[in-house]
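# Summary of the model geometry
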Amino acid sequence: MIMQEISKAVVEGKAPVVEELIKRALDEGYSPGELIQKGLIAGMAVVGERFKKNEFYVPEVLIAARAMKAGLAALEPLLSEHELEPVATLIIGTVQGDLHDIGKNLVAMMFEGAGFKVIDLGIDVKPSQFVEAIETYKPEIVALSALLTTTMPAMAETVDTLKISGLREQVKVIVGGAPVTDSYASKIGADGYAHDASSAVDKARELLEID
Ligand code: B1M
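Residues numbered from 1 in each chain as written. Predicted model: local features only at pLDDT ≥ 70, side-chain atom pairs only at ≥ 80, totals over all residues. Heavy atoms only, no water.

What follows covers the coordination of the cobalt atom of the ligand. Donor atoms from the protein around the cobalt atom of the ligand number only one, His 100 (NE2), found at 2.2 Å. As for its position among the elements, His 100 is in the loop between strand 1 (89-94) and helix 5 (102-113). (Donors = N, O, S within 2.8 Å, 3.2 Å for Na, K, Ca; no water. Helix = DSSP H or I, 4+ residues; strand = E, 2+ residues; numbered from the N terminus.)

Turning to the side chain of Thr 94, a few remarks are in order. Relative to the elements of secondary structure, Thr 94 occurs in strand 1. Thr 94 gets classed as buried once you look at its relative accessible area, which sits at 0%. Not counting residues within four places of it along the chain, the set of residues in contact with Thr 94 comprises His 100, Asp 101, Lys 104, Gly 122, Ile 123, Asp 124, Val 125 and Ser 145. (Buried < 20%, exposed > 50% of the residue type's maximum accessible area, 1.4 Å probe, protein only. Contact = heavy atoms within 4.5 Å.)

Residues in close proximity to the ligand total 35 residues, the closest being Leu 99, His 100, Asp 101, Ser 145 and Thr 149. Gly 97 places a polar main-chain atom, nitrogen or oxygen, 3.0 Å from a nitrogen atom of the ligand. With respect to the ligand, the backbone of Leu 99 contributes an N or O atom lying 2.7 Å from an oxygen atom. Contributions of two or more residues to the shell around the ligand are made by helix 3 (32-52), helix 4 (58-79), helix 5, strand 3 (141-145), strand 4 (172-176) and helix 9 (197-208). A per-element tally of the shell around the ligand places helix 4 first, with 6 residues. Class assignment for the residues of the shell around the ligand results in 21 nonpolar, 9 polar and 5 charged. Built from parts of two domains, the shell around the ligand gets at least three residues from each of domain 1 (2-84) and domain 2 (89-208). (Near = heavy atom within 4 Å. Polar contact = N/O pair within 3.5 Å; in protein donor to acceptor, adjacent residues only side chain to side chain. Nonpolar A, V, L, I, M, F, W, Y, C, P; charged D, E, K, R; others polar. Domains from an automatic or database assignment.)

This part takes up the packing of helix 6 (residues 127-137) against helix 7 (residues 152-164). Where helix 6 contacts helix 7, the axes come no closer than 9 Å and their chain directions differ by 45 degrees. Between helix 6 and helix 7, the interaxial angle falls into the category oblique. Every pair of crossing elements has a handedness; the one defined by helix 6 and helix 7 is right-handed. Along the contact surface, helix 6 presents Pro 127, Phe 130, Val 131 and Ile 134, while helix 7 presents Glu 157, Thr 158, Thr 161 and Leu 162. Along the lines of polarity and charge, the residues of the contact of helix 6 with helix 7 split into 5 nonpolar, 2 polar and 1 charged. (Axes fitted to C-alpha atoms, helices over the stretch in contact; angles between N-to-C directions. Parallel < 35°, antiparallel > 145°, perpendicular 65-115°, else oblique. Left-handed = near helix turned anticlockwise from the far one by under 90°.)

Its identity is not glycine, yet Asn 54 carries a phi of approximately 60 degrees, on the positive side. Structurally, Asn 54 can be placed in the loop between helix 3 and helix 4. Of note, Glu 209 is a non-glycine position whose phi angle comes to about 55 degrees, a positive value. Tracing the chain through its elements places Glu 209 in the segment after helix 9. On the basis of relative accessible area, Glu 209 is assigned to the exposed category, the value being 70%.

Now for the domain arrangement of the protein. Domain assignment breaks the protein into domain 1 (2-84) and domain 2 (89-208). Centre-to-centre, using C-alpha coordinates, domain 1 lies 24 Å away from domain 2. At the junction of the two partners, domain 1 supplies 12 residues and domain 2 supplies 10 residues. Summing the contributions of domain 1 and of domain 2, the shared interface buries around 930 Å²; its carbon and sulfur component is 75%. Across the domain 1-domain 2 interface, the total number found is 1 salt bridge. (Buried area = accessible area lost by both parts, 1.4 Å probe. Salt bridge = Lys/Arg side-chain N within 4 Å of Asp/Glu carboxyl O.)

Over the atoms, a rolling probe the size of a water molecule traces out where space has been left empty. A volume near 1400 Å³ is recorded for the largest pocket. Counting residues per element, the ones that place at least two in the lining of the largest pocket are helix 3, helix 4, helix 5, strand 3, strand 4, strand 5 (192-194) and helix 9. Its residues placed into classes, the lining of the largest pocket shows 28 nonpolar, 11 polar and 4 charged. For the lining of the largest pocket, the two domains that each supply at least three residues are domain 1 (2-84) and domain 2 (89-208). (1 Å grid on protein atoms, 1.4 Å probe; cavity = no way out; pocket = protein on both sides within 12 Å on 5 of 7 lines; lining within 4 Å. Points joined across faces, edges and corners; volume = space filled by probe spheres on them.)

Okay, here's the thing in C-alpha cells:
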C-alpha cells in the first residue's frame with residue numbers, strides 16, 4: 001500500500017509527501033532497494049507513459065522528477081554508508097546533449113554504496129570533459145548514461161575521443177540508460193553494458209575482477 005502511495009506522490013509531483021512516505025516506509029522496515037524499484041521508479045514509469053501519450057507535458061515531468069529526487073535524497077545516506085578505503089574510482093556523466101540525470105544519479109549512489117569513489121560530472125558532458133576528468137582523477141571505470149536515442153551517438157563519440165587521447169586502455173567504459181543495449185555497447189567499443197543501477201555495479205566489479 002505504501003508503495004502505491006509513493007508512486008502516486010511521484011506522479012503528482014508532491015516532493016514533501018514522497019520524502020515523508022519514504023521515511024515512514026523505512027521506519028516500517030522496507031529496504032531502500034524495494035522503495036526505489038516499487039515506489040519511485042514505478043511512479044516515474046507512469047510519468048513516462050503519460051508523457052508519451054501527451055497526457056503530461058515537460059512541466060509535469062519536471063515536477064515529478066523533483067519529487068523522485070526528493071525520495072532518492074532521503075535514501076542517499078543509507079545507500080552511500082561506507083567508511084572503508086574506496087574499492088576503485090569511477091567517473092560518471094550523462095553524455096553531451098542529454099539532460100536526464102535521475103537514473104545516472106541512482107547509478108552514482110549505488111556505486112558509492114558499494115564503496116567506490118564517485119566523481120559525478122553531471123549532465124551534457126562533452127567528450128573532452130571526460131578526457132580532462134580521466135587525466136585529473138585517474139579512474140578505473142568511466143560510466144556513460146544516455147536516455148535519448150538522439151544522444152546515444154555521443155557515447156560512441158566519447159569512446160572514440162578516449163582512443164584518440166590515448167586514454168582508452170587505462171579505463172573500463174560501461175554504458176547504460178533506457179535506449180542503450182548490450183549490442184550497442186559492443187558496437188561502439190565499450191567494455192560493458194548495464195541495464196540498471198545495481199547491475200552497473202556488478203558489471204564494474206566483474207570488469208575490475210573485484211570479488
Ligand atoms: Co525526457 N524523455 N525528454 N525528460 N524523460 C524520456 C527519456 C522519453 C523516453 C519519454 C517518452 O517519450 N516516453 C523520451 C525519449 C525518447 C527516445 O529518445 N527514445 C524523452 C524525451 C523525448 C525528452 C525530450 C526530447 C522532450 C522534449 O523536450 N520534447 C527532452 C530532452 C531534453 C534533453 O535531454 N536534451 C526531455 C526532457 C525531460 C525532462 C527535463 C523534462 C525530464 C528529465 C529531468 C531529469 O532527469 N532531471 C525528463 C524525464 C524525467 C523523462 C522520463 C519521463 C523519466 C526518466 C527517468 O528519470 N526515469 C523518461 C521516460 C521514461 O524513462 N519512462 C523520458 C527514472 C530513472 C530511474 O530511470 O533514467 O532509465 P532511467 O535510469 C535507469 C536505467 O536506464 C539505468 O539505471 C537507472 C536506474 O535503474 N541507467 C544506467 C541509466 N543510466 C545508466 C548508466 C549506466 C548504467 C545504467 O552506466 C553504466
